[in-house]
Amino acid sequence: MSIVVVQPTGISPADVLAVARGAAKVTLDPATIEAMAASRAIVDGIEAAGRPVYGVSTGFGALANTFVAPERRAELQHALIRSHAAGVGAPMPREVVRAMMLLRVRSLALGRSGVRPLLAEGLIDLLNHDVTPWVPEHGSLGASGDLAPLAHCALVLLGEGWVLGPAGERLDAAAALRDAGLTPVALAAKEGLALINGTDGMLGMLLLAIRDAAHLFTMADVTAALAIEAMLGSERPFLPELHAIRPHPGQSVSAANIHRLLQSSAVMDSHRDDLAHAVQDAYSMRCAPQVAGAARDTLEFVRTVADRELVSVVDNPVVLPDGRVESTGNFHGAPLGFAADFLAIAAAEVGAISERRVDRLLDVARNRELPAFLTPDPGVNSGLMIAQYTAAGIVAENRRLAAPASVDSLPTSGMQEDHVSMGWAATKKLRTVLDNLTSLLAVELLSAVRGLQLRAPLTPSPAGRAALAALGEAAGEPGPDVFLAPLLEAARAVVAGPQLRAAIEREIGPLG
């Protein structure tokens, strides 16, 4: 079992994935504990001196100028968590909540939040004992960070609130802590605020999305190549010299992928020297690298933003090594919201061009002598006609979801928080766009496999043979109509999983 050690310098994206989606355990580096203790000592000194400091001796938000007596400051922190745990709606997935908790540990561990190591250790105990807070989907505006979602996590530390049961049910947190042998935490000054004032939910969802998008953009090259092969398309638009003259990095990678995927194919050989073959393929075929490549470049920008956020102190106020406690705006989620919206736009277009290739594959007037809707007996049978309807509906939904959330600010807290990022909404809908993209590529994969089957006895490329093997048992041979939904689910599993890519790479080498 792997172990993620939280260092004073932070953690890596791979660490987040290992904890969120795997069973990795978490521990604190001793240097992290020292950094947190030193930061806490500064807060204790401020308390002893009686200086008014936001979040330590005052209220929050619009109540920032309200002084709180020393004997009520622990009560203030507990009240903050209870009042801010105000989310509603369905629970967020376990992987999102686990990523969010680990990232809050990461932020506290940087030693600028003025909290005891006990808080980070408490969150780690929840992770290591697989106690996952029930975090409702609605509540965060992305500034001051993900207040409500993080408050639902912090409330479990206090032995209150709800946790997510093994079957997705809602359970009592106090009972869950007892069953796990854990003791509730009592907060001291500033600690409640430090637990909730961060972008950890947004960042967690963005890191998970980056991993998923990277895989899906490569799979988009695979399904595009298979569809082009099935439609007797040309490989010439993907020659490297044609992309060297427009040197967008992602475009070159996608073009190289598609070109390699189309080699060693009897299907491609059958028309390569045919003078009657189309001089130019349709844009959905010829421009596949330009769209998928632009998405890849967008992903690299998003990855840069996430990497910066992973080494950032995201809290308010922050405790500086020289003893100052300063208010910041570092909790504002604009960098993450913009990035998530940009990536959602890119992923939506990767899906949109995929659906256009599906439509072309199914259309007897454009698919170069394949039967209508890829059924050997059109008329009595409808083949994949309605699979394209499904894809079209998903494309339409993705276009709605591609509308940016980060431009839709609403003021809160008596106009103290008069501009918010909506970064939580941006990253949450990005996950939906990527899930939809998985379905769109699945429709293209199934359509391309049917097309290649109908090109028999011509032998497809190694990629085509791998796709036939991966989907063959579920898809069967072209014939009378069958219950189509299970085939689409099987294709989704092939697109989402690593096996098809691995099988292809064993034959042609690594894909970009």
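Our subject in this report is the structure included herewith. Keep in mind that what you see is a predicted model, and the values were worked out from it rather than measured. (Residues numbered from 1 in each chain as written. Predicted model: local features only at pLDDT ≥ 70, side-chain atom pairs only at ≥ 80, totals over all residues. Heavy atoms only, no water.)

1. Points about the overall build of the chain
When helices and strands are counted, the chain shows 20 helices and eight strands. When the backbone C-alpha atoms are referred to their principal axes, the chain occupies close to 90 × 50 × 45 Å. By residue count, 54% of the 512 residues in the chain fall in the buried class. At a minimum sequence separation of 6, the contacts of the chain that also span at least 24 residues come to 79%. Of the charged side chains in the chain, 42 are positive and 54 negative, and the gap between their average positions amounts to 2 Å. (Helix = DSSP H or I, 4+ residues; strand = E, 2+ residues; numbered from the N terminus. Buried < 20%, exposed > 50% of the residue type's maximum accessible area, 1.4 Å probe, protein only. Contact = heavy atoms within 4.5 Å. Lys, Arg positive; Asp, Glu negative; His and termini not counted. Charge placed at Lys NZ, Arg CZ, Asp CG, Glu CD.)

2. A short note on the packing of helix 18 (residues 462–475) against helix 19 (residues 485–496)
Between helix 18 and helix 19, the shortest axis-to-axis distance is 9 Å and the interhelical angle comes to 160 degrees. In this view, helix 18 runs roughly antiparallel relative to helix 19, as classed from their interaxial angle. Two packed elements cross with a definite hand, and for helix 18 against helix 19 that hand is right-handed. Between helix 18 and helix 19, the residues in contact are Ala470, Leu471, Ala474 and Ala475 and Leu487, Ala490, Ala491 and Val494, respectively. (Axes fitted to C-alpha atoms, helices over the stretch in contact; angles between N-to-C directions. Parallel < 35°, antiparallel > 145°, perpendicular 65-115°, else oblique. Left-handed = near helix turned anticlockwise from the far one by under 90°.)

3. Let's talk about the pairing of strand 2 (residues 25–28)
Here strand 2 shows one buried face, formed by Val26 and Leu28, and one open face, formed by Lys25 and Thr27. Here strand 1 (residues 3–6) runs beside strand 2; their pairing, made up of four bridges, is parallel. Along strand 2, the bridge assignment pairs isoleucine 3 with lysine 25. Between the parallel pair strand 1 and strand 2, the chain is carried across by helix 1 (residues 13–20), and the sense of this crossover is right-handed. (Pairing = 2+ DSSP bridges. Right-handed = clockwise from strand over helix to strand, strands pointing away.)

4. Things to note about unusual backbone geometry
A cis geometry characterises the amide bond from alanine 143 onward to serine 144, with omega recorded as 5 degrees. Within the element layout of this structure, serine 144 appears in the loop between strand 4 (136–138) and helix 6 (147–157). Here the phi dihedral of aspartate 130 falls at roughly 55 degrees; this positive angle occurs in a residue that is not glycine. Tracing the backbone shows aspartate 130 in the loop between helix 5 (117–128) and strand 4. Of note, the phi angle at leucine 374 is positive, near 60 degrees, even though the residue is not glycine. Mapping leucine 374 onto the fold places it in the loop between helix 15 (334–362) and helix 16 (385–401).

5. Structural notes on the packing of aromatic side chains
Enumeration according to the criterion identifies one aromatic pair in this entry. Here the aromatic rings of phenylalanine 301 and phenylalanine 342 are separated by 6.0 Å at their centres, their planes lie at 55 degrees, and the arrangement is tilted. Here phenylalanine 301 is found in helix 14 (residues 288–310), whereas its partner phenylalanine 342 is found in helix 15, with 41 residues between them in sequence. Look at phenylalanine 301 and you get partly exposed, because its relative accessible area is 38%. Over the ring of tryptophan 134 we find arginine 170; its NZ or CZ atom is 5.2 Å from the centre of that ring. The positively charged end of arginine 170 is found above the aromatic ring belonging to tryptophan 162, 3.6 Å away from the centroid. (Phe/Tyr/Trp six-rings, centres within 6.5 Å; stacked < 30°, edge-to-face > 60°. Lys NZ or Arg CZ within 6 Å of the ring centre and 35° of its normal.)

6. Observations regarding the pattern of salt bridges
Applying the stated rule across the entire model yields 28 salt bridges. The shortest N-O distance in the salt bridge between arginine 116 and glutamate 191 comes to 2.7 Å. One end of the pair, arginine 116, is in the loop between helix 4 (94–109) and helix 5; the other, glutamate 191, is in helix 8 (residues 191–196), with 75 residues separating them in the sequence. Here aspartate 322 ties to arginine 324 by a salt bridge, and the two come within 2.8 Å at their closest N and O atoms. Judged by relative accessible area, which is 43%, arginine 324 ranks as partly exposed. One salt-bridge network, held together by shared partners, links Glu355, Arg356, Asp359, Asp363 and Arg366. (Salt bridge = Lys/Arg side-chain N within 4 Å of Asp/Glu carboxyl O.)

7. Some words on the side chain of aspartate 359
By the secondary structure assignment, aspartate 359 is in helix 15. At a separation of 3.3 Å, a polar atom in the side chain of aspartate 359 contacts the side chain of arginine 356. Discounting chain neighbours no more than four positions away, the residues touching aspartate 359 are Arg366 and Gln388. (Polar contact = N/O pair within 3.5 Å; in protein donor to acceptor, adjacent residues only side chain to side chain.)

8. Thoughts on the environment of proline 136
Looking at the element boundaries, proline 136 is found in strand 4. On the accessibility criterion, proline 136 (2% relative accessible area) is buried. Among residues more than four places away in sequence, those in contact with proline 136 are Gly87, Val88, Gly89, Ala90, Pro91, Met92, His152 and Trp424.

9. Digging into the packing of helix 1 against helix 9 (residues 200–230)
Interaxial distance between helix 1 and helix 9 falls to 10 Å at its minimum, and their mutual angle equals 95 degrees. The angle between helix 1 and helix 9 falls in the class roughly perpendicular. In this structure, helix 1 contributes Pro13, Val16, Leu17 and Ala20 to the contact, and helix 9 contributes Leu207, Leu208 and Arg211. Here the contact of helix 1 with helix 9 is composed, by residue class, of six nonpolar, no polar and one charged. (Nonpolar A, V, L, I, M, F, W, Y, C, P; charged D, E, K, R; others polar.)

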